[in-house]
Amino acid sequence: MKRKLLSMILATAMVATMLVGCSSSGSSETASTPADTGTEAEAPAEAEAEAEAPADTQASGGGKVGVAMPTKDLQRWNQDGSNMEAELIAAGYEVDLQYASNDIATQVSQIENMINSGCELLVIASIDGDSLGTVLEQAKEKNIPVIAYDRLIMNSDAVTYYATFDNYMVGTKQGEYIKEQLDLDNAEGPFNMEVFTGDPGDNNARFFYGGAIDVLQPYIDSGKIVIKSGQLDFETVATANWATETAQSRMDAIISANYADGTKLDAVLCSNDSTALGATNSLEANYTGEWPIITGQDCDKPNVKNMIDGKQSMSIFKDTRTLASKVVEMVDAIMKGGEAPVNDTETYDNGTGVIPSYLCEPVFADASNYKELLIDSGYYTEADIQ
């Protein structure tokens, strides 16, 4: 009898110990699992299987991601930031999205705060690609992966991946558009052209410029295209901060010196929409000749309106939803302990080596196809561009 009583006491103590252990160490998911999901005999097996599950499976769609955008002043960065934030949240991530008002010190401070507040991965669209080396050393020390977004971060070995559109292709499409619209292979010419590219601190600006000039240089060399201002080298045609006002002021001076006498301007190669808007504003105020071909990039709303009105000829469309989706895919792969998908391992050297990159393909929009690309796709509504 005493032996039976002792056995019962020991058995009761063992069961109690097991129950206390399960309730104190289980996750909230385990605690909320309905009691009728399995028998008592099945429960220990399920707990053991959960404990042995790979860490990346348990962590799927979890963690904090820092997203640093350069400014809200340009429409495209607002869309990039909001698209990426929405997709990351939908994938289960906590997001710290910051805009830096085009101030380098502010962006450095924001990134430092992201690092110190528990962000496990950083997505950074830099203001100046050469200004983040010091703060990214902190990320490297904490083993925080860094995805350079759209703008390559230079001279830092903390950059893990790069996600962008094919920036050289952006330029070639702009150059090809001018080539085709002026029929440079058949027309006699000469044609007058002026050139506006972007911020010299943005590595992308050199790719945009290089792609376009590579297409047009043979016609410049032959004299079929004439740069009446003489302003063609990158440093001269670069536009600080991609600012519309800066481009407009420079175009004012070009028109005054070269086209005020009624000389025809045939084309204005602009690397993006903010510089195109500056050129257009100046032409409207100062130019009386036949309207030139004007290129752009980003399909900003005012520029799409100008395309519809015949004031801007085309704009490269980079669907930020596509890029945001790809970045979320890259983030997800990295956060689960894997490697991000890339399709270019040769082109983008940031000074410390080639950065594995994913390049999305851009397309161009003009008055003939903007509805299909921008309205039918849901990127804009009709009201947005009226």
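The structure we're discussing is the one just above.
Everything numeric here is computed off the predicted structure, so don't read it as measured data.

Draft legend 1. The arrangement of the pairing of strand β10 (residues 314-317) in detail. With burial as the criterion, each face of β10 is covered, one bearing Met-314 and Ile-316 and the other bearing Ser-315 and Phe-317. By the bridge criterion, four bridges tie β10 to strand β12 (residues 363-366) in an arrangement that is antiparallel. Residue Ile-316 lies in a different strand from β12, and its bridge partner there is Phe-364.

Draft legend 2. Representation of the packing of helix α5 (residues 75-90) against helix α14 (residues 320-335) in the model. Where α5 contacts α14, the two axes come as close as 9 Å, and the packing angle between them is 40°. By the angle between their axes, α5 is oblique relative to α14. Crossing handedness for the pair α5 and α14: right-handed. Where α5 approaches α14, its residues Arg-76, Gln-79, Asp-80, Asn-83, Met-84, Glu-87 and Leu-88 are matched on the opposing element by Thr-320, Arg-321, Leu-323, Ala-324, Ser-325, Val-327, Val-328 and Val-331. The class makeup of the residues in the contact of α5 with α14 is seven nonpolar, four polar and four charged.

Draft legend 3. Here's a closer look at the sheet that holds strand β5 (residues 161-165). Spatial strand order, β2-β1-β3-β4-β5-β11: six strands in an open sheet with parallel pairing. Only two strands of the sheet have a single neighbouring strand rather than two, namely β2 (94-99) and β11 (357-360). If you compare each strand with its neighbour and ignore which way they point, the axes differ by 15° on average. Bridge analysis of strand β3 (residues 121-124) against strand β4 (residues 146-149) gives three bridges, and the strand direction is parallel. Directly across from Ile-124, in β4, lies its bridge partner Ala-148.

Draft legend 4. Examining the sheet that holds strand β7 (residues 225-226) more closely. Spatially, four strands are ordered β7-β6-β8-β9 in an open sheet, and the strand pairing comes out parallel. The strands lining the two open edges of the sheet, one partner per strand, are β7 and β9 (293-294). Where strand β8 (residues 267-270) meets β9, two bridges bridge the pair, whose relative direction is parallel. Residue Val-268 lies in a different strand from β9, and its bridge partner there is Ile-294. Sheet strands touched by helix α8 (residues 167-181): β6 (191-196), β8 and β9. Its angle to β8, the strand with the most contacts, is close to 170°.

Draft legend 5. Summary view of the pattern of salt bridges. All chains considered together, the criterion is met by 15 salt bridges. Taking the shortest distance from any N to any O, the salt bridge between Glu-235 and Arg-206 comes out at 3.8 Å. Of this pair, Glu-235 sits in helix α10 (residues 234-237) while Arg-206 sits in helix α9 (residues 203-222), and the two are 29 residues apart along the sequence. The class of Arg-206 is partly exposed, set by a relative accessible area of 40%. The closest approach of N and O atoms between Lys-301 and Asp-384, which form a salt bridge, is 3.9 Å. On the criterion of sequence distance, the pair formed by Lys-301 in helix α13 (residues 301-308) and Asp-384 in the segment after α15 (370-375) is long-range, its members being 83 residues apart. Lys-301 sits in the partly exposed class, given a relative accessible area of 29%. Accessibility expressed as a relative area gives 26% for Asp-384, which makes it partly exposed. Bridged by salt links that share partners, the residues Arg-76, Asp-80, Asp-150, Asp-298 and Lys-318 form one connected network.

Draft legend 6. Structural context of the pairing of strand β1 (residues 64-69). By the criterion of burial, β1 is predominantly enclosed, with six of the six residues buried. Where burial is concerned, the two faces of β1 agree: the one with Lys-64, Gly-66 and Ala-68 and the one with Val-65, Val-67 and Met-69 are both buried. As paired strands, β1 and β2 are joined by six bridges and run parallel to one another. Residue pairing across strands places Val-65 opposite Val-95, the latter belonging to β2. For the crossover from β1 across α5 to β2, the handedness is right-handed. Bridge count for β1 against β3 is four bridges, and the pairing is parallel. Residue pairing for β3: Val-65 is matched across the bridge by Leu-121.

Draft legend 7. Representation of α13 in the model. The complete set of buried residues in α13 reads Asn-303, Val-304, Asn-306 and Met-307. Summarising the axial view, the buried residues of α13 lie within an arc of 155°, below the 170-degree limit, and thus occupy one face. Where the residues of α13 are buried, they touch α12 (273-286), β10, β12 and α15. Looking one or two residues beyond α13, the residue adopting positive phi is Gly-310, at roughly 85°.

Criteria and thresholds
- Residues numbered from 1 in each chain as written.
- Predicted model: local features only at pLDDT ≥ 70, side-chain atom pairs only at ≥ 80, totals over all residues.
- Heavy atoms only, no water.
- Buried < 20%, exposed > 50% of the residue type's maximum accessible area, 1.4 Å probe, protein only.
- Helix = DSSP H or I, 4+ residues; strand = E, 2+ residues; numbered from the N terminus.
- Pairing = 2+ DSSP bridges.
- Axes fitted to C-alpha atoms, helices over the stretch in contact; angles between N-to-C directions.
- Parallel < 35°, antiparallel > 145°, perpendicular 65-115°, else oblique.
- Left-handed = near helix turned anticlockwise from the far one by under 90°.
- Contact = heavy atoms within 4.5 Å.
- Nonpolar A, V, L, I, M, F, W, Y, C, P; charged D, E, K, R; others polar.
- Salt bridge = Lys/Arg side-chain N within 4 Å of Asp/Glu carboxyl O.
- Right-handed = clockwise from strand over helix to strand, strands pointing away.
- Arc of directions from axis to C-beta.

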